[in-house]
Amino acid sequence: MDTPAVVLLSGGLDSTTALAIAKHQGFRPYALSFRYGQRHAIELAAAKRVAHAYGVAGHVVAEIDLRVFGGSSLTSDAEVPKHATVDALTDEIPSTYVPARNTIFLSFALAYAETVGACDIFIGVNALDYSGYPDCRPEYIAAFQTMANLATKAGVGGKSVTIHTPLIEMTKAEIVRTGLGLGVDYSLTSSCYDPDTAGKPCGRCDSCLLRLKGFAEAGQTDPLIYQAA
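In this text the structure is predicted, and so the values were computed from the model without any measurement.

(A) Expanded view of the overall build of the protein chain. Secondary structure summary: the protein chain contains seven helices and five strands in total. Secondary structure elements of the protein chain occur, N-terminal to C-terminal, as β-α-β-α-β-α-β-α-α-β-α-α. Since a compact globule built from 229 residues should have a radius of gyration of about 17 Å, the 17 Å found for the protein chain is in line with a globular shape. The dimensions of the protein chain, computed from C-alpha atoms along their principal axes, are 55 × 40 × 30 Å.

(B) Looking closely at unusual backbone geometry. With a phi close to 65°, A100 is a non-glycine residue in the positive phi region. In this structure, A100 sits in the loop between strand 3 (58-63) and helix 3 (101-116).

(C) Fine view of the environment of E217. Mapped onto the fold, E217 is located in helix 7 (residues 206-217). For E217, a relative accessible area of 42% gives the class partly exposed. Separated by 40 residues in the primary sequence, E217 and R177 place their C-alpha atoms 9.7 Å from one another. Residues contacting E217, with those up to four places away along its chain left out, are A173 and R177.

(D) The layout of surface pockets, seen in detail. When its volume is computed, the second largest pocket comes out at roughly 180 Å³. Considering the residues around the second largest pocket, the lining is formed by 16 residues, among which R49, T189, S190, G199 and K200 are closest to the centre.

(E) The arrangement of the pattern of salt bridges in detail. This model, assessed by the stated rule, comprises nine salt bridges. Residue D14 pairs with K172 through a salt bridge whose shortest N-O separation is 3.1 Å. Taken as a pair, D14 in helix 1 (residues 13-24) and K172 in helix 6 (residues 172-181) lie far apart in primary sequence, 158 residues in all. With respect to class, D14 is no different from K172; both count as buried.

(F) Geometry of the pairing of strand 3. Here strand 2 (residues 27-35) pairs with strand 3 via six bridges, running parallel. Bridge pairing in strand 3 places R35 opposite E63. The parallel pair strand 2 and strand 3, bridged by helix 2 (residues 43-53), forms a crossover whose chirality is right-handed.

(G) Representation of the sheet that holds strand 5 (residues 162-164) within the structure. What the five strands build is an open sheet, ordered 3-2-1-4-5; its pairing is parallel. Unpaired on one side and paired on the other, strand 3 and strand 5 mark the two borders of the sheet. Strand-to-strand, the axes of this sheet are offset by a mean angle of 25°, without reference to chain direction.

(H) Up close: the packing of helix 6 against helix 7. Interaxial distance between helix 6 and helix 7 falls to 7 Å at its minimum, and their mutual angle equals 65°. On the basis of the axis angle, helix 6 is roughly perpendicular to helix 7. In the packing of helix 6 onto helix 7, the handedness of the crossing is right-handed. From helix 6, K172, A173, V176 and R177 reach across to helix 7, where they touch L210, G214, F215 and E217.

(I) Region of the structure containing the packing of aromatic side chains. Enumeration according to the criterion identifies seven aromatic pairs in this entry. Ring geometry for Y36 and F105: centres 5.5 Å apart, planes at 65°, overall edge-to-face. Note that Y36 is positioned in the loop between strand 2 and helix 2 and F105 in helix 3, a separation of 69 residues in sequence. Owing to a relative accessible area of 2%, Y36 belongs among the buried residues under this scheme. Relative accessible area serves as the criterion here: at 11%, F105 is assigned to the buried category.

(J) Expanded view of the side chain of D135. Looking at where D135 falls in the secondary structure, it is placed in the loop between strand 4 (120-122) and helix 4 (138-151). It turns out D135 is buried and unbridged, and the closest side chain with the opposite charge, R101, is 5.6 Å from it. Not counting the four nearest positions on each side in its chain, D135 is found in contact with Y97, A100, R101, N102, V125 and Y140.

Parameters at a glance
As a convention, each chain's residues are numbered from 1 in the sequence order in which they are written. For a predicted model such as this one, the threshold for reporting local features is a pLDDT of at least 70, and the threshold for listing and counting side-chain atom pairs is 80 or more; totals across whole chains, interfaces and linings nevertheless cover every residue. Calculation of side-chain values draws on the structure's entire complement of heavy atoms; hydrogens and water are dropped beforehand. Secondary structure elements are defined from DSSP: runs of H or I of at least 4 residues count as helices, runs of E of at least 2 residues count as strands, and each element is numbered from the N terminus. Restricting the calculation to C-alpha atoms gives the radius of gyration, and the globule rule supplies 2.2 Å times the number of residues raised to the power 0.38. Burial here depends on accessible area, computed with a 1.4 Å probe over protein chains only, as a share of the maximum for the residue type. Under 20% is buried, over 50% is exposed, and the range in between is partly exposed. By definition in these notes, contact holds between two residues if any of their heavy atoms fall within 4.5 Å. Using a grid of 1 Å spacing that covers the protein atoms alone, one calls a set of points a cavity when a 1.4 Å probe fits there but cannot get out, and a pocket when the set is open and has protein on both sides within 12 Å along at least five of seven lines; lining residues are those with an atom within 4 Å of a point. Grid points are joined across faces, edges and corners, and a volume is the space filled by probe spheres set on the points. Salt bridge, as applied in this entry: a Lys or Arg side-chain nitrogen positioned within 4 Å of an Asp or Glu carboxyl oxygen. DSSP-based pairing: two strands are paired if at least 2 bridges between them are found. A crossover gets the label right-handed when its path from the first strand over the helix to the second runs clockwise, viewed with the strands pointing away from the viewer. For helices, the axis comes from a line fit to the C-alpha atoms of the stretch in contact; other axes are also lines fit to C-alpha atoms, and the angle between any two N-to-C directions lies between 0 and 180 degrees. Any angle between 65 and 115 degrees counts as roughly perpendicular, while under 35 counts as roughly parallel, over 145 as roughly antiparallel, and the rest as oblique. The sense of a crossing depends on the near helix, which, turned anticlockwise from the far helix by less than a right angle, makes the crossing left-handed and, turned clockwise, makes it right-handed. For Phe, Tyr and Trp, where Trp contributes only its six-membered ring, two rings pair if their centres lie within 6.5 Å, and the inter-plane angle classes them as stacked under 30 degrees, edge-to-face over 60, or tilted in between. When charges are counted, Lys and Arg contribute as positive and Asp and Glu as negative, whereas His and the chain ends are disregarded.

The structure is reproduced here in structure tokens:
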């Protein structure tokens with residue numbers, strides 16, 4: 001199979017694993033990343049490394065500035081929440097939630113997919129070990145897929161658009177094991193919401209804690225070097 005597919009690629013653990021799965025399933029991936037005013041824009045360097053390593057058919061970095069709205073500690077000067085351990089995470093939607101981010105990203109992915117003739121879009125959302133973002137839930141993805149097939153030339157022309165969420169029911173440990181089984185080099189990735197100027201992850205934001213939890217529960221060592229405690 002050499003079917004084109006658009007893969008949303010942040011450069012983090014989840015999106016890189018989703019890319020590896022798409023490639024393993026025989027899709028020809030086109031990567032899509034975003035410079036959206038995020039404070040951790042260093043993730044784009046990781047996305048470029050990953051895209052290069054996987055020899056994607058194309059890699060677009062779309063420029064949008066969500067700082068004009070703010071509303072998130074990732075797109076403003078608000079402090080990124082930090083915790084001592086993963087057990088301190090709560091069920092509350094954290095300040096790192098970026099309003100409507102996945103809706104915006106998936107809309108761009110639809111446009112990219114139509115231009116490259118793809119009817120498949122991969123996104124690395126996860127509904128188990130995650131930060132409680134509402135746009136990572138299965139019901140949201142199902143609703144977006146329905147909308148996509150009503151809103152695109154491909155959809156109304158009988159070519160159904162499919163949103164693939166291969167990680168949505170996995171724990172972080174299962175994601176790590178899956179990626180390693182597919183040969184993913186996680187040293188290329190970046191997950192931290194608040195890295196230092198050298199790119200070292202903080203080890204205490206939600207994303208770092210969940211990542212570290214995944215590696216620990218998988219019996220593996222995260223290859224990234226974290227900031228000193």
